[in-house]
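# Results of the structural survey
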Amino acid sequence: MESTDETTENVDIKITITRATNMHGKKAGNVLSFLRMDLNGGMLGESEKRTVDPVAEYIEYDFTCTFPCCNEVLSLSDIPHKPVIVTLTEVVPEKKKVEAKSIVLGQAVIDLLPLLQGECSFSSTVVLHATHAAPEKGSTPAPITKHPTLDVCVSASAPLLTEEQLSTSNLMKVSLETAYSLPDTFNQSFGPTAPQYICTAVMEVPCTAEKDQLLLFSEGQLKAGGHREDNGRQRKRAHHAHLAPGNHFLPGPFFHTQPIDQEDGELTSLEDREFRNEAETLLNRVSWDTEMPCFLDAEGVTRLRQKITESRFWPLEIMKSTIANEKSGATSKLQADEDPHIPCHGVAFIDMGRLLYPGVTHIRGAYTIQPYSSTLLLNKTRRNISLLKEQLKPGASKDRSGTATCSAKTNTGKAKDTKGHVKGTGNQSISSVTDLNGSDPIPPDRKAYMDFRTYIIIEITLTNPLIPKTSSEELARRVKALIPPRPLSSGGPNKAERAVLNFHKQVGNVVKHILEQYEELFGTRLKLPNDCNQELMMAQLMGALNVSGRYFAFKEQIKPTVVKFVRDKMQQTDTFTEQQDLHEFVSKLYVDLVDEMHVALNKIYSNGMEDDSPDEIHLSTSHLKHFAREAQLIGDYHVAVQYYQELVVRHPRDPSHKFEWGNLYMQTGDYMKAKMCFHDAVAVQQSHQPSLMMCGVLAAMFNDFEQAETFLERATSIEPPSLVAWTLLGLVQDSQNKSILAERAFLEAKSLLKAKEASNQTHKAEESDVDEENEKQKGQEEEKTIPPTSHSPNMKQSDTETGDTVHSDPKEKVISKSIYTETLEFLLHNYALEMAEHALSMELSSKGNHSFHLACVQLLRAEYCSAIATLREALLRVEPVADMWALDGHCHYLCGSFAEAQGSYERSLDFPEQPSDTHLVLLRLGSIYLQEEKVRYDIYTEFEQAKVTYLQACEKSPSCLTWLGLGISCYRFDRQEEAKLFYKYAIRFNLENTSLHKEVKELQDQAQTRPLTSCFEPHS
C-alpha cells in the first residue's frame, strides 16, 4: 500500500480518553489507577495516576496519545483488524513493601475503522471488560452493578483517504462461520481423555496491485451437536490473544440465519435441505464465528476484479491439529519437511463470481470441503500452491518478516509469527511448490471429507460493489439519449384530424365561392324554371368560373390541403416505384377525398344533423386490431399495414399499435422498418417494455451490443419486473462471452419464474379449497333430501369412490415451462428467429420437453417437413395438447397436405382447452372443407361442416373472411337467402375493399370458391 500510505505519511492520529465512569477497585475506598495504550504490540503511552471520585464514581484522566498513521508500527491495511488496546491498572499500596502492587482492573478496545470510512473525528464510549486476574487473597471485590466505561475521542489531523481514494477503495470482510458433517476423525476428539483439537483455515485475497493478504483463521473450536447455532450471535475478532474475554467479540455485527434457498453457495437444492437440517441440528461441528476485515486500495480493487474474472473459484484450505502438538512444537517438526503431510488437509472452493454481479456487495453460502490435491487446485483455480504448506515450510515466517499480514492467535495466548504480506502469485513460478498428492491416492483422513459431505459456511461482504449497478434513472437517461421522447400533443386534434378538418374547411370555401358565382349568373332563386336545362346551366357556371379565375384559384388553394391529407391522414410519404401501386393509391385517394367531401357537404346542408348510413359499421379499435392480425396471419400484409395505419392515426399516443406494426415487418423480414416502428413506440412511451425488448433484440441482430444491453437493462428496471427481459439480457451477454453477467441475468429470471409458479400454485389451491367447500355444501344439501334409510355403508363407499375419481391427479405438462420457453414464446410471436435459435439452444442444453418450440422455429424457417417429423416424434413420447395438434395442422396445410391438416385441426379443437390460435385454425379448417372434392352424397356433409366451422369463427371473432366463408357454405348448401345475408355482413365489415364486391358478385353468379381460396393460399 505504498501509494496510499505515502499520502498519509504526515497524518497524525490523536486519541484522547477524557474520563472513566462506574469505577470499582479491588478493595473498597479510593482507587488509584492509570491507563496504558498499546497498538500492534507496542506501547503508545501511559497516563498519570489518578484517584476516583468516591461520590461520582468517575476518574478524570484527560489522557492523550498522538502517533503517525503510516509507519513501521501501523499501516492502512492494519487499521481494520488491529485496534488500540487500553488497559486500566489499579495501584494498590503494600503495607510492608516500599513498592506498590499493580492490578489490572479491565481492558477496552478502540477501533479506528471509522477513519477509513471518511471520518476525521469521532467519539465513542467503550466498555472496560474484566481480565482473568485472580483476586487478592482475603479480599472480597465489591459487586459490580454497571460495567466501567471510557469516554474516548479520536481525531486525525487530515483525512486518511481523499474523496477519490474513498470512492475507489473498498473494505472486504470475510466471516468464517461453521463447518458441519465432520468426519469420524473429528468426532473422536470428544471425551474426557481425548486430546483437544483446533482447526485452521487459510485464504488469500489481494490488497494492493502487487501484494496479497493472508487471512489465517486458527480458532476453530470443536462443538457438540444436538442444537442449532444461535441466531444473532456475535462475531469474534480475528486477533484476541492479548484481549480480555469480553473484547473477543465485535460490538456491532451479528450472525443471522438465512433461508437455504436464498444462499449463494452449494447444497441449496431440495434434496440437500434434509441433509443440511440434520447436520446443522444433530451432528458435531467446528465453529469459528470470526470476521476478518481487509482494506483494499483502488489498485487492489482492480486486481480483485481481475482475479475473479480469471478464476471465479478461490480456495479456502483447512487442516486439523491438536493443542498439545502446538505446545510441544509439533508444528516445527512439520516445518522441517520440505513437503510436509498436513493432517485432514481439505479445500473448499468459494465461488467469488457473484461479487461481479452489478450492485452485489454480499455473498454467503455453504461450500463442500474436498480432499486437497494439487491437481484439483490447479483445475479449479489455475494454481497449485498450497497456502498451508507455504506457511509450514522452513523459513516461511522469516521471508515475510518485513511486511504485515492478517494473523490469527491460538488459544495458548502466543501469536503465530505470520506477519508479512504474501508475495503475489504472479511473480512466483508455479513449479516452485508441487504437491505430489495430486497424482497419488487420497489419504484416508482427506477422503473422509468426501464420504461425510463436510461443508463450511462462509460470508464475504464489501462496502462498495465491484461492479456498480446502473440506476433506473441513468438507464432512462441513456434510452432518452438514443430515442428522444415525442412531445405531447396540445390536447386538440392530431395531425390526421387536422388534415381532414382543413380539407372540410377548403370544401366549404369552394362551396361558398361557387354559390356566389351562381348567384351572379342566375340570381337567388331556389327553384329552377321548368324549361331550364341543368346541363346548360352547369356549362355556363363552369365557364364563368374559368373566366373569372376562380376555378384555378380553387385548385391552387386545395393542393396543400390534399398534400397534408396524403401525408398525415394516409401516412404516405414514400415515392412509388411501381406504376400499379401508384394507380391503386390514386384510386384510394380519390375515394377517400370524395367521402370526406360528402361529409363536409352534409355538415353544410344538414344544419348539424348527422345521417349515418344503415349499412355503415363504425369499426372499434378491437375490431381493427383483430382484422390487422388476421390479415397478417393469412399473409395479406398490404391490408394489415392499412389497418395498423388506421390504428396509429386513431391512437397516436398508444405504443402498442406501433409495436404490433413492427411485429408485421419482423414477419416480412423488413428489419429497418420494424426498427423504426419499435423506436417510434419507445418515443411515444419511454417505459414500454415490449418495444424496449425488441429494440434490444434488433440492436443485437445488428451487432450493436452496447445499445442492446442499454435497452434490455432499461426493460428490466421497469415495474413489474419482466422474466423475458432478464432472459433476453442474459442471452445478449452470453453471446458476448460475459458469462458472469449472463449468469446473473438468468438467475434473476429464474427467481421471477419461481415466484410466478408459487403464486399460481397458491391461486390454484385457493380455487380448490373453494370448490371443495362448494361440493361439501352441495353434499350436505343432498343428504337432507335423502331419507335416513338410504344411508348405507355401500352408499358411502360409492360416494368416496366417486370423489376419488373427481379429484384425480393432474396430468403431466407436455410443454415444460422455463425461462427459455417463455422467452421463446415472445421471440416467436415477434418473428425474431436469430435470437429464438439462441434461446432454443439454451433450452436444448437443459432438461425438459423442447420439441414443441423446436417445431415452431422450424415452421417459421419454412422447414415444414422437419417440423412435422419433430412433432410426430414428440406426439409418440408425450401426451399431446391442443397447440401441438394445431401446429401439426399448420405444417401440413403449408405443405399442401390438406387431408392430414384437416385431421390435426379437428383433433386440436376436440381438447377442452382450445388452441392459442383458434381463429386461424377455424379459417384454414373451413377452407379445407370447401376445397374437398368428393362424390355427390358427401359434398353436402362437407359444406355442413364448413358452415359449422365458419359459424363458430363468427361467434368467437367475426371478420370479413368468417362471414364470407359462412356465406359460401350456405350458398353451396342451397340456402340462397342466408348466403346473401352473410355476404352483406362481409361487405359491411370491409366497405373500402372494392374488389370484395366483385368477388361476392362472382360467387353469387357462379357459386365458385376461388376468391376465398385465394385468401388462404400459403404465403412464403
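All of these numbers come straight from a predicted model, not from anything done at the bench.

Moving on: the environment of Glu906. Along the chain, Glu906 turns up in helix α31 (residues 898-909). Distance from Glu906 to Ala882, taken between C-alpha atoms, is 9.8 Å for residues 24 residues apart in sequence. Other than its neighbours up to four places away in sequence, Glu906 contacts Leu925 and Tyr929. Engagement of the side chain of Glu906 in a polar contact is seen with the side chain of Tyr929, the distance being 2.6 Å.

This part takes up the sheet that holds strand β5 (residues 58-68). Taken together, 4 strands build an open sheet; the order of strands is β5-β1-β9-β8 and the sheet is antiparallel. Where the open sheet ends on each side, the last strands, each with one partner, are β5 and β8 (121-127). Strand-to-strand, the axes of this sheet are offset by a mean angle of 15 degrees, without reference to chain direction. Pairing of strand β1 (residues 12-21) with strand β9 (residues 149-156) involves 8 bridges; the strand directions are antiparallel. Counted as the bridge partner of Ala20 is Leu150 from β9.

Here the focus is empty space enclosed by the protein. Tallied over the entire structure, the rule returns 4 cavities of 30 Å³ or more. Lining the second largest cavity, in full, are Ala179, Leu182, Pro183, Phe186, Cys199, Val286, Trp288, Ile318, Ile369, Tyr449 and Thr454. Classifying every residue of the lining of the second largest cavity by side-chain character gives 10 nonpolar, 1 polar and no charged.

Inspection of the entire model under this criterion finds 9 aromatic pairs. Ring plane angle 40 degrees and centroid distance 5.2 Å describe the contact between Phe576 and Phe585, whose orientation is recorded as tilted. Overall, Phe576 belongs to the partly exposed group, its relative accessible area being 29%. Feature note: the residues Tyr180, Phe275 and Tyr455 constitute an aromatic cluster, connected by ring pairs. The aromatic ring of Tyr58 is capped on one face by Arg19, whose charged end is 4.4 Å from the ring centroid. The ring centre of Phe34 lies 5.3 Å from the NZ or CZ of Lys49, which sits over that ring.

Moving on to the packing of helix α14 (residues 534-548) against helix α15 (residues 550-569). Relative to each other, α14 and α15 sit at 75 degrees, their axes nearing to 5 Å. Relative to α15, the element α14 lies roughly perpendicular. Here Met542, Leu545, Asn546 and Ser548 of α14 lie close against α15, whose contacting residues are Arg550, Tyr551 and Phe554. Split by residue class, the contact of α14 with α15 holds 4 nonpolar, 2 polar and 1 charged.

To continue, consider the pairing of strand β18 (residues 362-371). Among the 10 residues that make up β18, 8 are buried, leaving the element largely enclosed by the rest of the structure. Direction of pairing for strand β17 (residues 346-351) relative to β18: antiparallel, over a ladder of 3 bridges. Bridge pairing in β18 links Ala348 to Ile369.

As a further point, take the environment of Ile740. Within the secondary structure, Ile740 is located in helix α24 (residues 739-785). Taking the C-alpha atoms as reference, Ile740 lies 9.1 Å from Arg312; in sequence the two are 428 residues apart. Apart from residues no more than four positions distant in its own chain, Ile740 is found in contact with Arg312, Gly353, Leu356 and Tyr357.

With that settled, the discussion passes to the pattern of salt bridges. Evaluation of the coordinates by the stated rule reveals 38 salt bridges. The salt bridge involving Glu229 is made with Lys223; its shortest N-O contact spans 3.1 Å. For Glu229, a relative accessible area of 10% gives the class buried. With a relative accessible area of 28%, Lys223 lands in the partly exposed category. Across the pair Arg235 and Glu459 runs a salt bridge whose closest N-O atoms are separated by 2.9 Å. Highlighted residues: Arg235 in strand β13 (residues 233-236) and Glu459 in strand β20 (residues 455-462), separated in sequence by 224 residues. The pair formed by Arg235 and Glu459 is uniform in burial state, with each residue classed as buried.

Time to look at the pairing of strand β12 (residues 211-223). The element β12 is largely enclosed, with a buried count of 11 among its 13 residues. Connecting strand β11 (residues 197-206) to the next strand, β12, in antiparallel fashion are 4 residues. The pairing of β12 with strand β15 (residues 285-296) spans 3 bridges and is antiparallel. Considered in β15, the bridge of Leu222 is made with Val286.

About the criteria used
- Residues numbered from 1 in each chain as written.
- Predicted model: local features only at pLDDT ≥ 70, side-chain atom pairs only at ≥ 80, totals over all residues.
- Heavy atoms only, no water.
- Helix = DSSP H or I, 4+ residues; strand = E, 2+ residues; numbered from the N terminus.
- Contact = heavy atoms within 4.5 Å.
- Polar contact = N/O pair within 3.5 Å; in protein donor to acceptor, adjacent residues only side chain to side chain.
- Pairing = 2+ DSSP bridges.
- Axes fitted to C-alpha atoms, helices over the stretch in contact; angles between N-to-C directions.
- 1 Å grid on protein atoms, 1.4 Å probe; cavity = no way out; pocket = protein on both sides within 12 Å on 5 of 7 lines; lining within 4 Å.
- Points joined across faces, edges and corners; volume = space filled by probe spheres on them.
- Nonpolar A, V, L, I, M, F, W, Y, C, P; charged D, E, K, R; others polar.
- Phe/Tyr/Trp six-rings, centres within 6.5 Å; stacked < 30°, edge-to-face > 60°.
- Buried < 20%, exposed > 50% of the residue type's maximum accessible area, 1.4 Å probe, protein only.
- Lys NZ or Arg CZ within 6 Å of the ring centre and 35° of its normal.
- Parallel < 35°, antiparallel > 145°, perpendicular 65-115°, else oblique.
- Salt bridge = Lys/Arg side-chain N within 4 Å of Asp/Glu carboxyl O.

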